[in-house]
Amino acid sequence: MVLELHIWGPAFSLPSIDPQCLAAVAYFSLAVPRENWVLVPSSDPSVSPTNELPALRNGSTWVSRFRNIVDYVRQYSDGSWDLDRGLGEVQRADNIAFSSFLESRGQPLLDLSLYVTSQNYYNHTSPAYASILQWPNQWILPPKLHSAAKTRTEHLGVSSLDLDALEEQRKREHSAAAAAGQVPQNFIKRPRDTVSGLLGKTSQQNQFKLEGLTAELFEPLEEILGEKEYLLSDSAPCSLDCLALGFMALAVVPEMSYTWLRDAMQSKGPGVTSYTGRMLKRCVGNKVDVAQALDGVRSSSSPLPWQAPERVNAVKVGGTLLNTLVDATPIVRDIRNNNRLREAAESSDLSGIEKQALSQYVTGQKKDVFLSMAMVAGGVAALIGYVFHVGLFGVVIEEEAEAQKDEAGDVDLSNLDLSASDFLAA
(Lines give C-alpha, C1' and ligand atoms only; values in the text may rest on other atoms or scores of the structure.)
Protein backbone atom coordinates (compact mmCIF):
# COMPACT_ATOMS: atom_id res chain seq x y z
CA MET A 1 0.00 0.00 0.00
CA VAL A 2 1.23 3.49 -0.90
CA LEU A 3 1.74 5.82 2.05
CA GLU A 4 0.13 9.26 1.88
CA LEU A 5 2.02 12.15 3.48
CA HIS A 6 -0.34 15.10 3.99
CA ILE A 7 1.34 18.46 4.55
CA TRP A 8 0.84 22.19 4.50
CA GLY A 9 1.32 23.16 0.88
CA PRO A 10 4.32 24.75 -0.86
CA ALA A 11 5.46 28.33 -0.38
CA PHE A 12 8.57 30.43 -0.99
CA SER A 13 9.75 27.83 -3.58
CA LEU A 14 9.83 25.20 -0.79
CA PRO A 15 7.64 22.06 -0.59
CA SER A 16 5.87 23.37 2.51
CA ILE A 17 5.33 26.49 4.58
CA ASP A 18 5.65 24.52 7.83
CA PRO A 19 8.98 23.31 9.33
CA GLN A 20 7.64 19.98 10.62
CA CYS A 21 6.11 19.26 7.22
CA LEU A 22 9.38 20.16 5.49
CA ALA A 23 11.22 17.80 7.82
CA ALA A 24 8.81 14.96 7.00
CA VAL A 25 9.20 15.61 3.26
CA ALA A 26 12.99 15.53 3.58
CA TYR A 27 12.87 12.28 5.55
CA PHE A 28 10.64 10.52 3.02
CA SER A 29 12.73 11.84 0.16
CA LEU A 30 15.86 10.31 1.69
CA ALA A 31 14.48 7.14 3.28
CA VAL A 32 11.39 5.91 1.42
CA PRO A 33 11.47 4.73 -2.22
CA ARG A 34 9.54 7.08 -4.49
CA GLU A 35 7.10 4.39 -5.60
CA ASN A 36 6.02 3.71 -2.01
CA TRP A 37 4.64 7.13 -1.09
CA VAL A 38 2.80 10.18 -2.40
CA LEU A 39 2.98 13.77 -1.20
CA VAL A 40 -0.41 15.47 -0.76
CA PRO A 41 -0.39 19.26 -0.18
CA SER A 42 -3.82 19.14 1.46
CA SER A 43 -3.16 22.20 3.67
CA ASP A 44 -6.14 21.13 5.79
CA PRO A 45 -5.46 19.86 9.32
CA SER A 46 -8.98 18.44 9.53
CA VAL A 47 -7.97 15.55 7.25
CA SER A 48 -6.16 14.07 10.26
CA PRO A 49 -8.05 12.77 13.32
CA THR A 50 -5.68 14.77 15.54
CA ASN A 51 -6.24 17.93 13.46
CA GLU A 52 -2.50 18.29 12.81
CA LEU A 53 -0.12 18.37 9.88
CA PRO A 54 2.10 16.68 8.84
CA ALA A 55 -0.03 13.55 8.92
CA LEU A 56 0.80 10.15 7.46
CA ARG A 57 -2.03 7.94 6.22
CA ASN A 58 -1.70 4.22 5.73
CA GLY A 59 -5.15 2.85 4.98
CA SER A 60 -7.25 3.62 8.06
CA THR A 61 -4.20 4.46 10.20
CA TRP A 62 -3.20 8.08 10.76
CA VAL A 63 0.01 9.31 12.41
CA SER A 64 0.77 12.98 13.10
CA ARG A 65 3.91 14.98 13.89
CA PHE A 66 7.39 14.46 12.53
CA ARG A 67 8.89 12.33 15.30
CA ASN A 68 5.84 10.02 15.45
CA ILE A 69 5.90 9.63 11.67
CA VAL A 70 9.59 8.70 11.75
CA ASP A 71 8.93 6.04 14.39
CA TYR A 72 5.98 4.64 12.44
CA VAL A 73 7.92 4.43 9.17
CA ARG A 74 10.73 2.60 10.96
CA GLN A 75 8.31 0.04 12.41
CA TYR A 76 6.32 -0.28 9.19
CA SER A 77 9.44 -1.07 7.14
CA ASP A 78 11.07 -3.29 9.80
CA GLY A 79 13.97 -0.85 9.92
CA SER A 80 14.59 -0.68 6.17
CA TRP A 81 13.47 2.96 5.96
CA ASP A 82 15.28 4.13 9.09
CA LEU A 83 17.79 6.94 8.59
CA ASP A 84 19.00 6.53 12.20
CA ARG A 85 19.91 2.85 11.98
CA GLY A 86 23.62 3.62 11.63
CA LEU A 87 23.83 5.84 14.72
CA GLY A 88 25.65 4.69 17.82
CA GLU A 89 24.28 4.94 21.33
CA VAL A 90 25.84 8.34 22.00
CA GLN A 91 24.73 9.65 18.62
CA ARG A 92 21.15 8.52 19.28
CA ALA A 93 21.15 10.44 22.55
CA ASP A 94 22.53 13.49 20.73
CA ASN A 95 19.85 13.07 18.08
CA ILE A 96 17.08 13.31 20.68
CA ALA A 97 18.68 16.20 22.57
CA PHE A 98 19.51 18.26 19.48
CA SER A 99 16.05 17.66 18.00
CA SER A 100 14.44 19.05 21.13
CA PHE A 101 16.85 21.97 21.03
CA LEU A 102 15.96 22.73 17.41
CA GLU A 103 12.24 22.73 18.03
CA SER A 104 12.43 24.84 21.18
CA ARG A 105 14.71 27.47 19.63
CA GLY A 106 13.71 27.32 15.97
CA GLN A 107 9.93 27.55 16.20
CA PRO A 108 9.84 30.88 18.09
CA LEU A 109 12.22 32.46 15.56
CA LEU A 110 10.08 31.32 12.64
CA ASP A 111 6.99 32.58 14.44
CA LEU A 112 8.63 35.98 14.85
CA SER A 113 9.88 36.15 11.28
CA LEU A 114 6.89 34.79 9.33
CA TYR A 115 3.95 35.83 11.52
CA VAL A 116 4.74 38.39 14.21
CA THR A 117 6.79 40.70 11.96
CA SER A 118 3.84 42.56 10.48
CA GLN A 119 5.43 43.52 7.17
CA ASN A 120 6.50 39.94 6.52
CA TYR A 121 3.14 38.46 7.46
CA TYR A 122 0.91 40.77 5.43
CA ASN A 123 3.23 41.06 2.42
CA HIS A 124 4.40 37.45 2.13
CA THR A 125 3.12 34.84 4.62
CA SER A 126 -0.58 35.63 4.33
CA PRO A 127 -0.50 35.70 0.48
CA ALA A 128 1.41 32.39 0.54
CA TYR A 129 -1.40 30.79 2.52
CA ALA A 130 -3.97 32.28 0.18
CA SER A 131 -2.32 30.52 -2.75
CA ILE A 132 -2.48 27.04 -1.18
CA LEU A 133 -5.78 27.16 0.74
CA GLN A 134 -9.23 26.56 -0.67
CA TRP A 135 -12.29 28.54 0.29
CA PRO A 136 -13.35 29.08 3.09
CA ASN A 137 -10.06 28.11 4.77
CA GLN A 138 -8.43 31.07 3.02
CA TRP A 139 -10.27 33.34 5.47
CA ILE A 140 -10.31 31.06 8.52
CA LEU A 141 -6.90 29.43 8.95
CA PRO A 142 -4.37 32.28 8.42
CA PRO A 143 -5.78 34.48 11.22
CA LYS A 144 -5.81 31.48 13.56
CA LEU A 145 -2.18 30.64 12.74
CA HIS A 146 -1.21 34.30 13.06
CA SER A 147 -2.85 34.57 16.48
CA ALA A 148 -1.30 31.29 17.67
CA ALA A 149 2.20 32.44 16.67
CA LYS A 150 1.75 35.73 18.51
CA THR A 151 0.61 33.87 21.62
CA ARG A 152 3.60 31.49 21.50
CA THR A 153 6.06 34.40 21.36
CA GLU A 154 4.51 36.85 23.80
CA HIS A 155 6.94 35.81 26.54
CA LEU A 156 9.91 36.85 24.39
CA GLY A 157 8.99 40.52 24.70
CA VAL A 158 9.96 41.51 21.14
CA SER A 159 7.01 43.84 20.75
CA SER A 160 8.43 46.13 18.08
CA LEU A 161 7.99 43.47 15.39
CA ASP A 162 4.20 43.52 15.76
CA LEU A 163 3.13 46.85 14.31
CA ASP A 164 -0.55 46.04 14.81
CA ALA A 165 -0.08 45.64 18.54
CA LEU A 166 1.93 48.86 18.69
CA GLU A 167 -0.73 50.70 16.73
CA GLU A 168 -3.48 49.43 19.03
CA GLN A 169 -1.47 50.41 22.09
CA ARG A 170 -0.85 53.87 20.68
CA LYS A 171 -4.57 54.29 19.97
CA ARG A 172 -5.43 53.27 23.51
CA GLU A 173 -2.90 55.72 24.93
CA HIS A 174 -4.20 58.46 22.64
CA SER A 175 -7.80 57.79 23.68
CA ALA A 176 -6.86 57.82 27.35
CA ALA A 177 -4.92 61.07 26.94
CA ALA A 178 -7.76 62.68 25.00
CA ALA A 179 -10.27 61.61 27.64
CA ALA A 180 -8.07 63.19 30.30
CA GLY A 181 -7.88 66.43 28.33
CA GLN A 182 -4.15 66.16 27.71
CA VAL A 183 -4.36 66.40 23.91
CA PRO A 184 -6.97 67.96 21.62
CA GLN A 185 -9.58 65.62 20.13
CA ASN A 186 -8.58 66.51 16.56
CA PHE A 187 -5.03 65.21 17.10
CA ILE A 188 -3.64 64.07 13.77
CA LYS A 189 -2.34 60.49 13.73
CA ARG A 190 1.24 59.97 12.78
CA PRO A 191 1.97 57.72 9.77
CA ARG A 192 2.27 54.03 10.56
CA ASP A 193 5.85 53.13 11.43
CA THR A 194 7.87 50.44 9.75
CA VAL A 195 9.64 47.62 11.55
CA SER A 196 13.07 48.92 10.59
CA GLY A 197 12.13 52.41 11.70
CA LEU A 198 10.88 51.20 15.05
CA LEU A 199 13.94 49.09 15.62
CA GLY A 200 16.19 51.99 14.67
CA LYS A 201 14.44 54.66 16.74
CA THR A 202 12.79 53.21 19.80
CA SER A 203 13.54 49.49 20.15
CA GLN A 204 17.21 48.97 20.77
CA GLN A 205 16.34 46.62 23.60
CA ASN A 206 14.31 44.45 21.21
CA GLN A 207 17.20 44.49 18.78
CA PHE A 208 19.45 43.07 21.47
CA LYS A 209 16.84 40.43 22.26
CA LEU A 210 16.72 39.35 18.62
CA GLU A 211 20.49 39.16 18.54
CA GLY A 212 20.43 36.94 21.59
CA LEU A 213 17.64 34.70 20.30
CA THR A 214 19.29 34.09 16.95
CA ALA A 215 22.68 33.51 18.56
CA GLU A 216 21.16 30.85 20.84
CA LEU A 217 20.16 28.83 17.77
CA PHE A 218 22.70 29.42 15.02
CA GLU A 219 25.94 29.49 16.99
CA PRO A 220 25.40 26.08 18.68
CA LEU A 221 24.31 24.58 15.35
CA GLU A 222 27.44 25.94 13.71
CA GLU A 223 29.49 24.28 16.43
CA ILE A 224 27.61 20.98 16.15
CA LEU A 225 28.12 20.86 12.39
CA GLY A 226 31.77 21.83 12.49
CA GLU A 227 33.59 20.50 9.46
CA LYS A 228 31.27 17.51 9.01
CA GLU A 229 29.03 16.96 6.00
CA TYR A 230 26.03 16.33 8.24
CA LEU A 231 25.16 17.21 11.82
CA LEU A 232 26.10 13.88 13.43
CA SER A 233 28.38 12.23 10.89
CA ASP A 234 30.20 12.57 7.60
CA SER A 235 28.73 9.44 6.07
CA ALA A 236 24.95 9.92 5.86
CA PRO A 237 22.14 12.20 7.02
CA CYS A 238 19.82 11.21 9.86
CA SER A 239 16.42 12.36 11.11
CA LEU A 240 18.09 15.29 12.88
CA ASP A 241 19.33 16.61 9.53
CA CYS A 242 15.78 16.47 8.17
CA LEU A 243 14.42 18.39 11.14
CA ALA A 244 17.20 20.96 10.86
CA LEU A 245 16.45 21.40 7.18
CA GLY A 246 12.80 22.15 7.99
CA PHE A 247 13.68 25.05 10.26
CA MET A 248 16.79 26.35 8.49
CA ALA A 249 15.18 26.39 5.05
CA LEU A 250 12.32 28.58 6.26
CA ALA A 251 14.85 30.87 7.92
CA VAL A 252 17.08 31.47 4.91
CA VAL A 253 15.07 30.83 1.71
CA PRO A 254 11.92 33.05 1.91
CA GLU A 255 12.25 36.51 0.40
CA MET A 256 10.86 38.74 3.14
CA SER A 257 10.36 42.48 3.47
CA TYR A 258 12.38 42.43 6.64
CA THR A 259 15.16 39.81 6.48
CA TRP A 260 16.48 39.96 10.05
CA LEU A 261 16.34 36.15 10.48
CA ARG A 262 18.15 35.36 7.23
CA ASP A 263 20.80 37.98 7.95
CA ALA A 264 21.37 36.54 11.41
CA MET A 265 21.70 33.01 10.05
CA GLN A 266 24.17 34.00 7.35
CA SER A 267 26.33 35.98 9.78
CA LYS A 268 26.20 33.64 12.78
CA GLY A 269 26.02 30.32 10.92
CA PRO A 270 27.70 30.49 7.50
CA GLY A 271 28.48 26.78 7.60
CA VAL A 272 24.86 25.95 8.49
CA THR A 273 23.70 28.17 5.63
CA SER A 274 25.82 26.23 3.12
CA TYR A 275 24.72 22.94 4.67
CA THR A 276 21.05 23.94 4.24
CA GLY A 277 21.62 24.62 0.55
CA ARG A 278 23.22 21.19 0.05
CA MET A 279 20.41 19.41 1.87
CA LEU A 280 17.75 21.26 -0.08
CA LYS A 281 19.31 20.31 -3.40
CA ARG A 282 19.50 16.67 -2.37
CA CYS A 283 16.02 16.37 -0.85
CA VAL A 284 13.93 18.75 -2.94
CA GLY A 285 15.80 19.33 -6.18
CA ASN A 286 14.73 22.40 -8.09
CA LYS A 287 12.50 25.12 -6.72
CA VAL A 288 8.94 23.98 -6.16
CA ASP A 289 6.22 25.50 -8.32
CA VAL A 290 3.05 26.01 -6.28
CA ALA A 291 0.61 25.53 -9.17
CA GLN A 292 2.26 22.32 -10.38
CA ALA A 293 2.42 20.89 -6.87
CA LEU A 294 -1.27 21.57 -6.23
CA ASP A 295 -2.14 19.97 -9.57
CA GLY A 296 -0.08 16.89 -8.74
CA VAL A 297 2.39 17.40 -11.59
CA ARG A 298 5.50 15.25 -11.14
CA SER A 299 8.85 16.21 -12.57
CA SER A 300 11.81 14.01 -13.36
CA SER A 301 14.08 16.68 -11.89
CA SER A 302 12.34 16.51 -8.50
CA PRO A 303 12.35 13.55 -6.09
CA LEU A 304 8.91 14.48 -4.76
CA PRO A 305 5.88 12.36 -5.85
CA TRP A 306 3.19 15.04 -5.74
CA GLN A 307 -0.48 14.11 -5.69
CA ALA A 308 -3.26 16.68 -6.04
CA PRO A 309 -5.41 17.15 -2.92
CA GLU A 310 -9.14 16.54 -2.99
CA ARG A 311 -11.14 19.47 -4.28
CA VAL A 312 -13.53 21.23 -1.96
CA ASN A 313 -17.23 20.32 -2.18
CA ALA A 314 -20.41 21.49 -0.50
CA VAL A 315 -20.14 18.90 2.26
CA LYS A 316 -16.55 19.90 3.00
CA VAL A 317 -17.42 23.60 3.06
CA GLY A 318 -20.33 22.97 5.38
CA GLY A 319 -18.17 20.87 7.67
CA THR A 320 -15.48 23.55 7.79
CA LEU A 321 -17.95 26.30 8.64
CA LEU A 322 -19.60 24.11 11.27
CA ASN A 323 -16.25 23.21 12.85
CA THR A 324 -15.31 26.89 12.94
CA LEU A 325 -18.56 27.74 14.68
CA VAL A 326 -18.18 24.86 17.13
CA ASP A 327 -14.56 25.77 17.92
CA ALA A 328 -15.73 29.28 18.77
CA THR A 329 -18.10 27.92 21.43
CA PRO A 330 -16.12 27.69 24.71
CA ILE A 331 -17.36 24.48 26.37
CA VAL A 332 -17.93 22.60 23.11
CA ARG A 333 -14.44 23.59 21.98
CA ASP A 334 -12.96 22.18 25.18
CA ILE A 335 -14.83 18.90 24.69
CA ARG A 336 -13.53 18.58 21.12
CA ASN A 337 -9.97 19.30 22.19
CA ASN A 338 -10.32 16.73 24.94
CA ASN A 339 -11.52 14.11 22.44
CA ARG A 340 -8.57 14.85 20.16
CA LEU A 341 -6.15 14.39 23.04
CA ARG A 342 -7.85 11.14 23.96
CA GLU A 343 -7.46 9.85 20.40
CA ALA A 344 -3.78 10.80 20.49
CA ALA A 345 -3.39 8.94 23.79
CA GLU A 346 -4.90 5.83 22.24
CA SER A 347 -2.74 5.98 19.10
CA SER A 348 -0.22 3.18 18.69
CA ASP A 349 2.69 5.50 17.86
CA LEU A 350 3.13 6.64 21.47
CA SER A 351 5.19 4.85 24.08
CA GLY A 352 3.65 3.40 27.21
CA ILE A 353 4.84 6.22 29.44
CA GLU A 354 3.62 8.86 26.98
CA LYS A 355 0.23 7.18 26.71
CA GLN A 356 -0.13 7.02 30.48
CA ALA A 357 0.86 10.65 30.98
CA LEU A 358 -1.40 11.86 28.20
CA SER A 359 -4.30 9.73 29.47
CA GLN A 360 -3.94 11.24 32.93
CA TYR A 361 -3.88 14.71 31.46
CA VAL A 362 -6.98 13.97 29.34
CA THR A 363 -8.80 12.65 32.41
CA GLY A 364 -7.96 15.81 34.33
CA GLN A 365 -9.09 17.99 31.43
CA LYS A 366 -12.32 16.02 31.15
CA LYS A 367 -13.08 16.60 34.83
CA ASP A 368 -12.37 20.31 34.39
CA VAL A 369 -14.75 20.46 31.42
CA PHE A 370 -17.52 18.71 33.35
CA LEU A 371 -16.92 21.01 36.31
CA SER A 372 -17.19 24.03 34.02
CA MET A 373 -20.41 22.65 32.54
CA ALA A 374 -21.82 22.07 36.01
CA MET A 375 -20.89 25.59 37.11
CA VAL A 376 -22.47 27.10 33.99
CA ALA A 377 -25.62 24.99 34.41
CA GLY A 378 -25.80 25.94 38.10
CA GLY A 379 -25.33 29.60 37.28
CA VAL A 380 -28.04 29.52 34.61
CA ALA A 381 -30.41 27.68 36.94
CA ALA A 382 -29.74 30.19 39.71
CA LEU A 383 -30.32 33.08 37.32
CA ILE A 384 -33.59 31.62 36.07
CA GLY A 385 -34.71 30.92 39.62
CA TYR A 386 -33.83 34.45 40.68
CA VAL A 387 -35.65 36.01 37.75
CA PHE A 388 -38.68 33.81 38.33
CA HIS A 389 -38.71 34.57 42.06
CA VAL A 390 -38.28 38.30 41.62
CA GLY A 391 -40.85 38.41 38.85
CA LEU A 392 -43.47 36.40 40.73
CA PHE A 393 -42.78 38.22 44.00
CA GLY A 394 -43.04 41.54 42.18
CA VAL A 395 -46.39 40.59 40.65
CA VAL A 396 -47.76 39.62 44.09
CA ILE A 397 -46.53 42.87 45.65
CA GLU A 398 -48.01 44.87 42.79
CA GLU A 399 -51.39 43.14 43.15
CA GLU A 400 -51.44 43.75 46.91
CA ALA A 401 -50.55 47.41 46.36
CA GLU A 402 -53.35 47.82 43.87
CA ALA A 403 -55.82 46.22 46.27
CA GLN A 404 -54.76 48.50 49.11
CA LYS A 405 -55.06 51.50 46.84
CA ASP A 406 -58.58 50.51 45.85
CA GLU A 407 -59.62 50.08 49.50
CA ALA A 408 -58.19 53.44 50.51
CA GLY A 409 -59.25 55.45 47.47
CA ASP A 410 -62.83 54.20 46.76
CA VAL A 411 -65.63 55.85 48.85
CA ASP A 412 -69.19 54.43 48.97
CA LEU A 413 -71.55 57.36 48.28
CA SER A 414 -74.75 55.31 47.99
CA ASN A 415 -75.75 55.72 51.67
CA LEU A 416 -74.65 59.31 52.02
CA ASP A 417 -77.78 61.57 52.40
CA LEU A 418 -76.58 65.07 53.04
CA SER A 419 -78.12 68.19 51.56
CA ALA A 420 -76.33 71.41 50.86
CA SER A 421 -78.17 73.29 53.64
CA ASP A 422 -77.34 70.64 56.21
CA PHE A 423 -73.71 70.80 55.10
CA LEU A 424 -73.65 74.60 55.47
CA ALA A 425 -75.44 74.46 58.83
CA ALA A 426 -72.91 71.98 59.99
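Residues numbered from 1 in each chain as written. Predicted model: local features only at pLDDT ≥ 70, side-chain atom pairs only at ≥ 80, totals over all residues. Heavy atoms only, no water.

Looking at the Subcellular location (unreviewed entry) heading of the UniProt record, one finds this comment for the protein chain: "Mitochondrion outer membrane". (UniProt positions renumbered as here; feature names shortened; annotations may be inferred.)

A.B. asks: Please clarify how the overall build of the protein chain should be interpreted in this entry.
C.D. replies: Of the regular secondary structure elements, the protein chain holds 16 helices and four strands. Among the 426 residues that make up the protein chain, the fraction classed as buried is 41%. Here the contacts in the protein chain between residues at least 6 apart in sequence split such that 70% fall between residues at least 24 apart. As displayed, the protein chain offers around 23400 Å² of accessible surface, 56% of which is attributable to carbon and sulfur atoms. (Helix = DSSP H or I, 4+ residues; strand = E, 2+ residues; numbered from the N terminus. Buried < 20%, exposed > 50% of the residue type's maximum accessible area, 1.4 Å probe, protein only. Contact = heavy atoms within 4.5 Å. Areas by Shrake-Rupley, 256 points an atom, 1.4 Å probe, with all protein chains shown as cover.)

A.B. asks: In this structure, what is going on with a nonpolar patch on the surface? I would like to understand it.
C.D. replies: On the surface, Val 376, Val 380 and Ile 384 cluster together into a nonpolar patch covering about 260 Å² of accessible area. Residue position: Val 376 is located in helix α15 (residues 352-409). (Patch = residues over 30% accessible without salt bridge, like charges linked within 9 Å, V, L, I, M, F, W, Y side chains within 5 Å. Salt bridge = Lys/Arg side-chain N within 4 Å of Asp/Glu carboxyl O.)

A.B. asks: Explain the pattern of salt bridges here, please?
C.D. replies: Oppositely charged side chains can form a pair if their charged atoms are brought close together. In the structure shown here, the tally under the stated rule is eight salt bridges. As a salt-bridge pair, Arg 74 and Asp 71 come within 3.1 Å of each other at their nearest N and O atoms. Of the two residues, Arg 74 and Asp 71 both sit in helix α2 (residues 66-76), three residues apart, roughly one turn of that helix.

A.B. asks: Would you explain the packing of helix α3 (residues 89-116) against helix α4 (residues 118-132) in this entry?
C.D. replies: The interhelical angle for the contact between α3 and α4, taken along N-to-C directions, is 85°, at an axis separation of 6 Å. Judged by the angle between their axes, α3 and α4 are roughly perpendicular. Note on element contacts: α4 touches α3 through Ser 118, Asn 120, Tyr 121, Thr 125 and Tyr 129, opposite Ser 113, Leu 114, Tyr 115 and Val 116. Residue composition of the contact of α3 with α4, by class: five nonpolar, four polar and no charged. (Axes fitted to C-alpha atoms, helices over the stretch in contact; angles between N-to-C directions. Parallel < 35°, antiparallel > 145°, perpendicular 65-115°, else oblique. Nonpolar A, V, L, I, M, F, W, Y, C, P; charged D, E, K, R; others polar.)

A.B. asks: What am I meant to see in the pairing of strand β3 (residues 55-58) here?
C.D. replies: Looking along a regular strand, one sees the side chains alternate between the two faces of the sheet. In this structure, strand β1 (residues 3-6) lies alongside β3, joined through three bridges in antiparallel fashion. Looking at the pairing, Leu 5 lines up with Leu 56 of β3. Two elements, β3 and strand β4 (residues 61-64), share four bridges in a ladder whose sense is antiparallel. Across the sheet, Ala 55 pairs through a bridge with Ser 64, a residue of β4. Connecting β3 to the next strand, β4, in antiparallel fashion are two residues, including Gly 59 with a positive phi near 70°. (Pairing = 2+ DSSP bridges.)

A.B. asks: How should the sheet that holds β4 be read in this particular structure?
C.D. replies: Strands in a sheet are paired, the pairing made by backbone hydrogen bonds, and the direction either parallel or antiparallel. Judged by pairing direction, the sheet is mixed, and its four strands sit side by side in the order β2-β1-β3-β4 without closing on themselves. The open sheet has two edge strands with one neighbour each: β2 (37-40) and β4. Pairs of neighbouring strands in the sheet enclose a mean axial angle of 20°, with direction left out of account. Looking at chain direction, β1 and β2 are connected through four bridges and run parallel.

A.B. asks: For this particular structure, what's the right way to read the environment of Leu 39?
C.D. replies: Here Leu 39 shows up in strand β2. By relative accessible area, which is 0% here, Leu 39 ends up buried. The sequence separation of Leu 39 and Pro 15 amounts to 24 residues, and the corresponding C-alpha distance is 9.5 Å. Among residues more than four places away in sequence, those in contact with Leu 39 are Leu 5, Ile 7, Val 25, Leu 304, Pro 305, Trp 306 and Gln 307.

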